[in-house]
Amino acid sequence: MGSEQQFKSIKGTRDLLPEESTRVRSVETTIHDVMNRWGYGEIRTPAFEQTELFTRSVGEESDIVTKQMYTFSDQSGTSLTLKPELTAPVMRAYIEHDMARGGALTKLYYIDDLFRQERPQKGRLRQFRQFGAEAIGSPHPEQDAEIVALVYTILTEIGLDDITLHINSIGSDNSRNVFRHALVEFLTPHKSDLSETSQRRLQTNPLRILDSKSEEEQKLLKNAPSILDYLDDDDRAHYEDVKHFLERMNIPFAENKMMVRGLDYYTRTTFEITSPNVGAQDALCGGGRYDKLIEDLGGKQTPAVGFAAGIERIMLAMEQGDEDSDQKAPRVYVVAAGDAARNAVLKLTMDLRAEGISADFDSLRRSLKAQMREANRLSASHAVIIGEKELAAGTAQVKTLVSGEQDTWPLKEISSNLSSGQV
RNA sequence: GUGGGGGUAGCUCAGCAGGUUAGAGCUCCAGGUUGUGGCCCUGGUGGCCGCGGGUUCGAGUCCCGUCCCUCACCCCA
């Protein structure tokens, strides 16, 4: 190694080497395709925002705000934060650009990097990538259903089959307040059986106790009141309609009344998509309706639904399943037999590339044999060999590597012959 | 922040009743084939055995400390 210090990528961040980034890119291509087909337009927001945007939207008490944000001051002393989630920045942009004026309904999507200071583990990094969409303007259940169908379709087109969609409704403010009281009333007598964190949540955020992973608590919760019994008529009708639309769209789902999302801004519909082979962090996607958020951020009262999904987790889910498709780029490797041909090799390589053919050559001045080995290693379809004899004749040897067949072609005809698919 | 597992070659790992020059497979390079890849054969490059200290005649191996990675809890995508 030689040097005193080895630099390393910092905890929770990682490099994507070419092989992997190729796979990620193909997933992202699918995302872009489906989003565009469904009428969603891409939005790109800055890497950091005013800190208060997140404390206001995500919830002062949430873990994200209390301990996971990368926050720093700029030269003027303003507190800035690397974005830990994307709904708030997108809503900020929506309000800032008065996008509501451009049409009653606004459909946006994004693919972006986020930052949270957590202890890394399988499927969780400190810099991670999400894609998501927000449908802003419609309060109606078919919009909830479309958003759910959108992620579901993307995940399916990516090739994931072993996924489960969980949905629930946490009602709007009124229903939820009534339910919260009922839940606290139910749990308080059992307070001593609860974990330390759940006891604290009994004060701060009782609904979150519902999706505790503790078996004991889950047993206790079996008899707890259900949020679904506390929905008011409007909430209930909305929820029933969402399920109805999903059925009509043939999107399979499981009702999960214990599912409560972590971010404070959700209302009514919440959903999650999980995969069994991603480790303990099994949620690939989370989302729901947030009818109050835009107002809370200073905009006009505007209903909206959205979701966010984790790219790294999706990649994990894929590795288990289908074999990665072999990408066979038709490559031509141009080989110099002797140093005299270097010039001609470089020229021909450039001509082929200009013709749209992917081509490469050896800049290490290695032996002919080594160059042929390289051509094979790259799984090139053809090796084009130029030596002194060929130089003199204005030709080249064109070898088809799978068959081993080799012919002499005039140099001038090579790129057109290869691009027209001859041989 | 808490707990489990782990750091030996570019990669995957073996070696640990402490004992001479630290190993294998893969990769890479060269030769066998003086202008031709794959398969095969031969040889070679490449290691502060994470770091610091201690015990010992002797430490990759034992002890202490420390850093890093990883899985899980918490929480979330």
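Since we're looking at a predicted model, the values are computed, not measured. (Residues numbered from 1 in each chain as written. Chains lettered and ligands numbered in written order. Predicted model: local features only at pLDDT ≥ 70, side-chain atom pairs only at ≥ 80, totals over all residues. Heavy atoms only, no water.)

A.B. asks: Would you mind showing me how to read the overall build of chain A here?
C.D. replies: Of the regular secondary structure elements, chain A holds 15 helices and 16 strands. What you see for chain A is a C-alpha radius of gyration of 28 Å, clearly larger than the 22 Å of a compact globule of 423 residues, by over 25%. In terms of overall dimensions, chain A has C-alpha extents of about 95 × 55 × 45 Å along its principal axes. Here chain A holds 423 residues, and the buried ones make up 47% of them. (Helix = DSSP H or I, 4+ residues; strand = E, 2+ residues; numbered from the N terminus. Rg over C-alpha atoms; globule rule 2.2 N^0.38 Å. Buried < 20%, exposed > 50% of the residue type's maximum accessible area, 1.4 Å probe, protein only.)

A.B. asks: Just to check I follow, could you spell out the domain arrangement of chain A for this structure?
C.D. replies: In many analyses, interface size is given as the accessible surface area lost on bringing the parts together. Under the domain assignment used here, chain A contains domain 1 (18-172 + 232-317) and domain 2 (331-419). Taken over C-alpha atoms, the centre of domain 1 sits 50 Å from the centre of domain 2. (Domains from an automatic or database assignment.)

A.B. asks: I tried to follow unusual backbone geometry on my own but got confused; where do I start?
C.D. replies: Even without glycine at this site, D98 takes up a positive phi of about 50°. With a phi close to 55°, R268 is a non-glycine residue in the positive phi region. With a relative accessible area of 16%, R268 lands in the buried category.

A.B. asks: Looking at this structure, how should I read the environment of E52?
C.D. replies: Looking at the secondary structure, you find E52 in helix α2 (residues 51-58). The sequence separation of E52 and S76 amounts to 24 residues, and the corresponding C-alpha distance is 16 Å.

A.B. asks: Would you mind going over the pairing of strand β14 (residues 382-387) with me for this structure?
C.D. replies: With six of six residues buried, β14 lies mostly within the body of the structure. Side chains H382, V384 and I386 of β14 all project onto a buried face; the interleaved residues A383, I385 and G387 project onto the opposite face, where all are buried too. Sheet topology places strand β12 (residues 331-337) next to β14; six bridges connect them, and they run parallel. By the bridge assignment, V334 is partnered in β14 with V384. (Pairing = 2+ DSSP bridges.)

A.B. asks: Could you clarify how one ought to interpret the sheet that holds strand β6 (residues 127-136) in this entry?
C.D. replies: By definition, the strands of a sheet pair up through backbone hydrogen bonds, in either a parallel or an antiparallel sense. Taken together, the eight strands give an open sheet; going across it, the order is β1-β5-β6-β11-β10-β9-β7-β8, and neighbouring strands pair in mixed fashion. Only two strands of the sheet have a single neighbouring strand rather than two, namely β1 (41-42) and β8 (254-255). With five bridges joining them, strand β10 (residues 283-289) and strand β11 (residues 304-310) adopt antiparallel strand pairing. Counted as the bridge partner of C285 is A309 from β11.

A.B. asks: What exactly am I supposed to notice about the nonpolar core here?
C.D. replies: Note on soluble globular proteins: their nonpolar side chains tend to be buried together. The biggest cluster of nonpolar side chains holds 58 residues, and the ones touching the most others in it are M35, F131 and F307. With 10 residues, the top contributor of residues to this core is helix α5 (residues 141-158). In contact with M35, not counting residues within four places along its chain, are Y40, Y109, F131, G132, A133, L150, I154 and F307. One finds I43, M69, F128 and Y266 within the second-largest nonpolar core, a separate group that totals 29 residues. (Core = buried A, V, L, I, M, F, W, Y, C linked by side-chain atoms within 4.5 Å. Contact = heavy atoms within 4.5 Å.)

A.B. asks: I'm lost on the sheet that holds strand β2 (residues 48-50) in this one. Help?
C.D. replies: Pairing is antiparallel across the open sheet formed by three strands, whose spatial order is β2-β4-β3. Two strands lie at the open edges of the sheet, namely β2 and β3 (71-73), each paired on one side alone. Averaged over neighbouring strand pairs, the angle between their axes works out to 35° when direction is ignored. Pairing of β2 with strand β4 (residues 79-82), which is carried by three bridges, proceeds in the antiparallel orientation. Each bridged residue has a counterpart across the sheet, and for E49 the counterpart in β4 is T81. (Axes fitted to C-alpha atoms, helices over the stretch in contact; angles between N-to-C directions.)

A.B. asks: Teacher, can you tell me more about the protein's contact with RNA strand B here?
C.D. replies: The environment of RNA strand B is made up of 51 residues, and the closest members are R116, R124, R201, R208 and L401. Each atom of RNA strand B within 4 Å of the protein was assigned to sugar, phosphate or base; sugar and phosphate come to 55%. At 2.6 Å from a sugar or linking oxygen of RNA strand B is found a side-chain nitrogen or oxygen belonging to K8. Here a base nitrogen of RNA strand B and a side-chain polar atom of Q121 are 3.2 Å apart. (Near = heavy atom within 4 Å. Polar contact = N/O pair within 3.5 Å; in protein donor to acceptor, adjacent residues only side chain to side chain.)

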